[in-house]
Amino acid sequence: MSPLWSSLKARVSNRLARHLCATPHRLLNTQPMVSFTFDDAPVSAATTGAGMLEEHSARGTFYVSGGLADSWSGNWTAIGAEHIVSLHRRGHEIACHTFSHTRATDLTAATMAAEIESNRRYLLALDPSIKIENFAYPYGTGSVWRKGQLGKIFRSSRGILPGVNSDTVDLQYLRAMPLIDGQVDHDSIERAFDEAIDRKGWVIFYSHDVATKPSLYGCSPSLLRHALEAASRRKIHNLSIADALRAAGV
Ligand SMILES: [Zn+2]
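Keep in mind that this is a model prediction, so the values were computed, not measured.

Conventions adopted
- Residues numbered from 1 in each chain as written.
- Predicted model: local features only at pLDDT ≥ 70, side-chain atom pairs only at ≥ 80, totals over all residues.
- Heavy atoms only, no water.
- Buried < 20%, exposed > 50% of the residue type's maximum accessible area, 1.4 Å probe, protein only.
- Helix = DSSP H or I, 4+ residues; strand = E, 2+ residues; numbered from the N terminus.
- Right-handed = clockwise from strand over helix to strand, strands pointing away.
- Pairing = 2+ DSSP bridges.
- UniProt positions renumbered as here; feature names shortened; annotations may be inferred.
- Expected span 1.5 Å × (residues − 1).
- Contact = heavy atoms within 4.5 Å.
- Core = buried A, V, L, I, M, F, W, Y, C linked by side-chain atoms within 4.5 Å.
- 1 Å grid on protein atoms, 1.4 Å probe; cavity = no way out; pocket = protein on both sides within 12 Å on 5 of 7 lines; lining within 4 Å.
- Points joined across faces, edges and corners; volume = space filled by probe spheres on them.
- Donors = N, O, S within 2.8 Å, 3.2 Å for Na, K, Ca; no water.

Caption draft 1: Expanded view of the pairing of strand β3 (residues 61–64). What you see with β3 is no split at all: T61 and Y63 on one side and F62 and V64 on the other are buried throughout. Regarding the hand of the β-α-β motif, the stretch spanning strand β2 (residues 33–39), helix α2 (residues 43–55) and β3 is right-handed. The pairing of β3 with strand β4 (residues 93–96) spans four bridges and is parallel. Looking at the pairing, T61 lines up with E93 of β4. Following the backbone out of β3, through helix α3 (residues 81–89) and into the adjacent parallel β4, one traces a crossover that is right-handed.

Pasting the structure below:
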């Protein structure tokens, strides 16, 4: 597939996916909520990031691509067996990306099914008690063609369309805010939490590595600390995606 065609298809499909709601659900949570999610699960997210969440008695969601396990991406090394099992045993959620990290818009129904099956097999071989309930679109690219399929397999799929989830949401295109230095500042985090309180909303953050000098896609410990403390100060419930969905009646 030519890169130009792939990118055009991704743009059109992602745009349509925003508007065509596959799985509308009215959130029934009685309290505002926040979830911290880490895509591709760099080692620093599983060590520094998870440790900081635990200091706040919180648990995060780690969207794993089994095909990237233990490998260097150019920006970080992704977690493998040891970290995945450790995160799971400590109560963090292990969730699904595509196995090879191919974007959803480049997959047919058959190749998407194969990607999910490979990831499921990889994770369950590490620990059969891992429950794989939720998905995040690689590169945040939603697919209008794959949403219905994902909705039959997962309770939710998360993109990177910014905004606070509230009232009726599309479970197969949950909104998320970057927790990425250079893309978000302290004020916008505070504003998102204020909106969550006003509308009983659900703020989902996405990030990658957690490092003093993060990649262009990750966050510093100080940015993560700011978000954790701002949520704690407001007594916003800090839950994994799976637990937040349960609180929202999904
Ligand atoms: Zn990813």
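Caption draft 2: Molecular detail of the UniProt feature "domain: NodB homology" (unreviewed entry) in the protein chain. Listed under "domain: NodB homology" (unreviewed entry) in the UniProt record, and renumbered for this structure, are residues 32–250. Structurally, residues 32–250 comprises 37% helix and 16% strand, and the distance from its first C-alpha atom to its last is 16 Å.

Caption draft 3: Main features of helix α6 (residues 186–199). The terminal C-alpha atoms of α6 lie 20 Å apart, and with 14 residues this matches the ideal 20 Å at 1.5 Å per residue to within 8%. Looking at the buried positions of α6, the neighbouring elements they touch are β2, β8 (177–178), β9 (202–207) and α7 (221–233). Backbone geometry just after α6 places K200 at a positive phi near 50°.

Caption draft 4: Looking closely at the nonpolar core. Membership of the largest hydrophobic core comes to 51 residues, with the highest contact counts inside it found for F36, L179, F193, V203, F205 and L224. At six residues, α7 tops the list of elements feeding residues into this core. Beyond its immediate sequence surroundings of up to four residues, F193 is in contact with V34, V203, F205, A227, A230, A231, R234 and I236. Residues L27, M33, A136 and Y206 belong to the second largest nonpolar core, which totals 17 residues.

Caption draft 5: Local environment of the environment of Y217. Tracing the sequence through the fold places Y217 in the loop between β9 and α7. Y217 sits in the partly exposed class, given a relative accessible area of 40%. Measuring from C-alpha to C-alpha, the distance between Y217 and G249 comes to 32 Å, with 32 residues separating the pair along the chain.

Caption draft 6: Region of the structure containing the layout of surface pockets. There is about 370 Å³ of room inside the largest pocket. Around the largest pocket sit 20 residues that line it, and D40, W76, H101, Y139 and H208 are the ones nearest its centre.

Caption draft 7: The coordination of the zinc ion, seen in detail. Looking at the zinc ion, one finds its protein donor set to be D40 (OD), H97 (NE2) and H101 (NE2), positioned 2.0 to 2.2 Å from the metal centre. Donor residues binding the zinc ion come from one chain and are separated in sequence as D-x56-H-x3-H. Each member of the pair, H97 together with H101, is buried.

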